[in-house]
Every structure is written in structure tokens, then in C-alpha cells.
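Summary of structural features
The primary structure of each chain is shown beneath.
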Amino acid sequence: MTSLVKRFPRNFAWGVATASYQIEGAVNEDGRGASIWDIFSHTPGKILHGDTGDIACDHYHRMREDVNLMSQLGISHYRFSISWPRIFPMGYGQKNSRGLDFYDQLTDQLLQENIEPLVTLYHWDLPQALQEKGGWINRDTAFYFRDYAATVFDKLGDRVHNWITHNEPWVSTVAGHIQGHHAPGLKQPKVARKVAHHLLLSHGLAVEAYRDMDKGRIGITLNLHPVYPASSREEDLTAQRLHDAFHNTWFLEPVFKGTYPDDLDEILPLDDEFIAEGDLNLIQQPLDFLGVNYYAPHRVRWNPEEISHASLVILPEEPITSMGWPVDAKGLTNLLSRIHQDYGPIPIVITENGAAYEDVVEDGQIHDALRQHYLEMHWDALANSIEQGVPVQGYYVWSFLDNFEWALGYSKRFGIVYVDYLTQQRIVKDSGLAYSRFLREFYEYHHV
């Protein structure tokens, strides 16, 4: 392991990540308003086994215990998200000081334990009151988001120096408004371009608000995949091109080039009446870093029945996680090389990377060798990227805790720490112990 430690710069940020609705629970406490996920998860048939995030990992009440566990493991950076409806129960208007206090205390607790916070402003839990006004279909939501962001900057900005506006706006757009798998559960492809644009506009407005404060670094997190054709046939190459536009450049192009990819028009024709003058300049503002969530590559075959005209293909020899995703660490190196070449130079932070497997508790331990191997392969791939000149500055394991996995409820576990949802007991898995050893070696090597 020591040889791998040497391949990373001494100031590299190693961390873990979580999201508010997935871990906090306490959905009706201290003035929190309802989010779209509260409504969606309580709608029969939407979530596997009827699970909800009402309690989740009870992190709202166990925050100090969880931060202390991070510290014991030697984790030095923590990415978490803020629940918008905790801060503004109606999405705007009267702020809820008790909600802000929780994140104020969390920030202080992290810094006391020498853990650097990375704060995500939006990880999908839109206030339900705003959804009832149209949600992200409504342009006003972008401006409400700016005001919410400014409120949080003002409260935490003296101690938090690294910010993410949005986590995976592609998922909010597609899973939430085309597929209907995620809140708000809409199946309306015709609104998708507008939703995506308003999400990106809100990002730009928040960046602008942050620049007015001039205090630290801000970026956005996109879920990205290298896209490979299943064959050299022309139709599969077309599937590759369109799938790449649908999954990657739809958000990369406006953020870095101030335009939308032409290829996307073949999938979702653009009605640009909702794009106002100056919008794209706001969206394209220079960022301090790009957050990249990477789990697996996409290999695609032509399929006109799919919205992106492509179906995912898994090769028979490929290992897969319990999510059915192929394990391919080289895909991370390929992806980062492409981003650096096409959109760089931009500092990159891997804001999520990890794997779900079927964990079994044996004598109070979880021997998750497959997850440990997955992580170690991706650290090696990351080192390869850095050695090729890609400016990667940090890496966050998804996730710190097992948690509410959206439409899949509690059926999939990504954590390096096991959560017994009945007792709320935390058990560090072998992968978590391996990460802890790796971190201690890293800091010993670079700081002796």
C-alpha cells in the first residue's frame, strides 16, 4: 500500500461523503419543512419495501458520535449536504434558525476534530412548498435557491471554504422528471430541458452570490461516465454519441462553454424560449473545481426505444456490483483524461466513488473484500490520472454510512460503516478499516 501512498501529492484531500435526506432522519423536528422526498417516499409503490427517510441513520441526533467515528478512522475531509427545507421550510421567506443551528454545530464539531467540511447545497431534497409552485419547472425556483444559498454562505462561510452548488443535476432532471423513479416522480420528457436549465441557472446565481463574498472555493458536482460503443457498427457509434450528449455533455457544455450540445437536440428538441439573455453567461462562470461522481462506465448498443437511443450492455466477463454496475477502474482514468482534454484545465475533486455489495455481519464484523478491492483499484486509477497530468485534488468515498438509497430504500449498502437500522449501531466494515490504514500511511508518509 505504501507505494500507492507515494503517488499522491501531500495536500491531496481524502474524505467521505453523505447526503442530508439519506442519513439525517428527524424529518419533522426543529421546524424542518417537508421535502419532495418526504412526499415521494410516503407515496405507496414508489420506494422498495415502502421505506422512507423518516429516521434513516438518525444522524440528526447522532451527529457528534458520527463525527467522532470519522476522526477515529483518521478521515480528514467530509462532504455533506444541507437540507434546504430545514433552512427555509417553505423554500423562501422566513428562515428557520434551528435548522441553521444544526449545520452550524456540525461545522464546529468537524473543525474541532480537524475534519475539513465540503458542503453541498442541493442533494435533491427540494422543499415541497416550492414543488407545489412548479418546482424546477418554475424559473423562480432558481432565484429562491440563490437566496437560500446566500443565507447558508452567510452563516457558515467564515468556517466552510469549499462549496458545491448542486449534486448530479442530471439525476434531478432525468430520474425526477423523465423516468419518474425519483422525486418529484414526473414522467414529462418535454419539461426536461427547462428543468435542467433552471437547475444550471440556480447554480450560476449561487456562484455569483458566493463571488460577492469572496471567501473560498465553489464548484458543481456532475455524475459522468466514459461511454463505449458495444460494437464498431455505425448504429452503435451513433448510440455512443447520443448517449454521451444525454449523460455527459448536456451539463458539461453549458458549465464550461456556455452552450448546449447540438447532439442533445436529436433526443430532446430544444424549445429555447425559457433561456433568457445572460443565462448562459451566468451558468458558464469560472469555477474553482469540478466535482466528479464516478461509479462505472457505460457500454451502449443502439436502441430507438430508449430516450437516449441507447441501451446499456454488460459484458459476460465483467464483474458487477449489487447495483448491477460493471466494475472498471480504468474508466475513471479515461473519464478524467477526457474532462481534462476537453474542458480543462480545471481542478477536479472526485466527490463520490464507491460500491454497493451484499454485506453480512459475522461475529460483529463485515468482511467486504469486494468493496475494499473496488476502492483500492480506483485509488490506483486516480494515481494514474494524476501522473498523466490531470489536476485531481481530492477523493471522497461514497459513502461514510449505509443509508437510504433513494428508490431502492435500505436494500443497497454503499457505506464503509455498516448501519443496523433497527438499533442504529455503527460497525466499521473491513473496507472502512482498510481506508483508515491507508489514510494513516498517507499522512505519516507526507507529514513526517
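Everything below is about the structure shown above.
Residues numbered from 1 in each chain as written. Predicted model: local features only at pLDDT ≥ 70, side-chain atom pairs only at ≥ 80, totals over all residues. Heavy atoms only, no water.

**What about the packing of helix H6 (residues 97-112) against helix H8 (residues 140-156)?**
Viewed as axis vectors pointing N to C, H6 and H8 meet at an angle of 40°, and their least axial separation amounts to 10 Å. As summarised for this structure, H6 and H8 are arranged oblique, according to the angle between their axes. Handedness of the H6/H8 crossing: right-handed. Each of Leu100, Asp101, Tyr103, Asp104 and Thr107 in H6 lies in contact with H8, whose residues at this interface are Thr151, Lys155 and Leu156. For the contact of H6 with H8, a count of residues per class yields three nonpolar, two polar and three charged. (Axes fitted to C-alpha atoms, helices over the stretch in contact; angles between N-to-C directions. Helix = DSSP H or I, 4+ residues; strand = E, 2+ residues; numbered from the N terminus. Parallel < 35°, antiparallel > 145°, perpendicular 65-115°, else oblique. Left-handed = near helix turned anticlockwise from the far one by under 90°. Contact = heavy atoms within 4.5 Å. Nonpolar A, V, L, I, M, F, W, Y, C, P; charged D, E, K, R; others polar.)

**Let's talk about the sheet that holds strand E6 (residues 227-229)**
Each strand in a sheet pairs with another by means of backbone hydrogen bonds, the pair being arranged parallel or else antiparallel. Ordered in space as E6-E8-E9, the three strands form an open sheet in which the pairing is mixed. Of all the strands in the sheet, just E6 and strand E9 (310-312) have a single pairing partner and so form its edges. Between one strand axis and the next, the sheet turns by 45° as a mean value, whatever way the strands run. When strand E8 (residues 298-302) meets E9, the two strands line up antiparallel, connected through three bridges. (Pairing = 2+ DSSP bridges.)

**Comments concerning the layout of surface pockets**
Of the volumes computed, that of the largest pocket is approximately 1,100 Å³. Surrounding the largest pocket, 41 residues form its lining, Trp170, Val171, His298, Met323 and Trp325 being those nearest its centre. Where the lining of the largest pocket is concerned, the elements lending two or more residues are helix H9 (169-177), helix H11 (234-257), E8 and E9. Within the lining of the largest pocket, the residues separate by chemical class into 22 nonpolar, 13 polar and six charged. (1 Å grid on protein atoms, 1.4 Å probe; cavity = no way out; pocket = protein on both sides within 12 Å on 5 of 7 lines; lining within 4 Å. Points joined across faces, edges and corners; volume = space filled by probe spheres on them.)

Read these as geometric descriptors, not functional statements.
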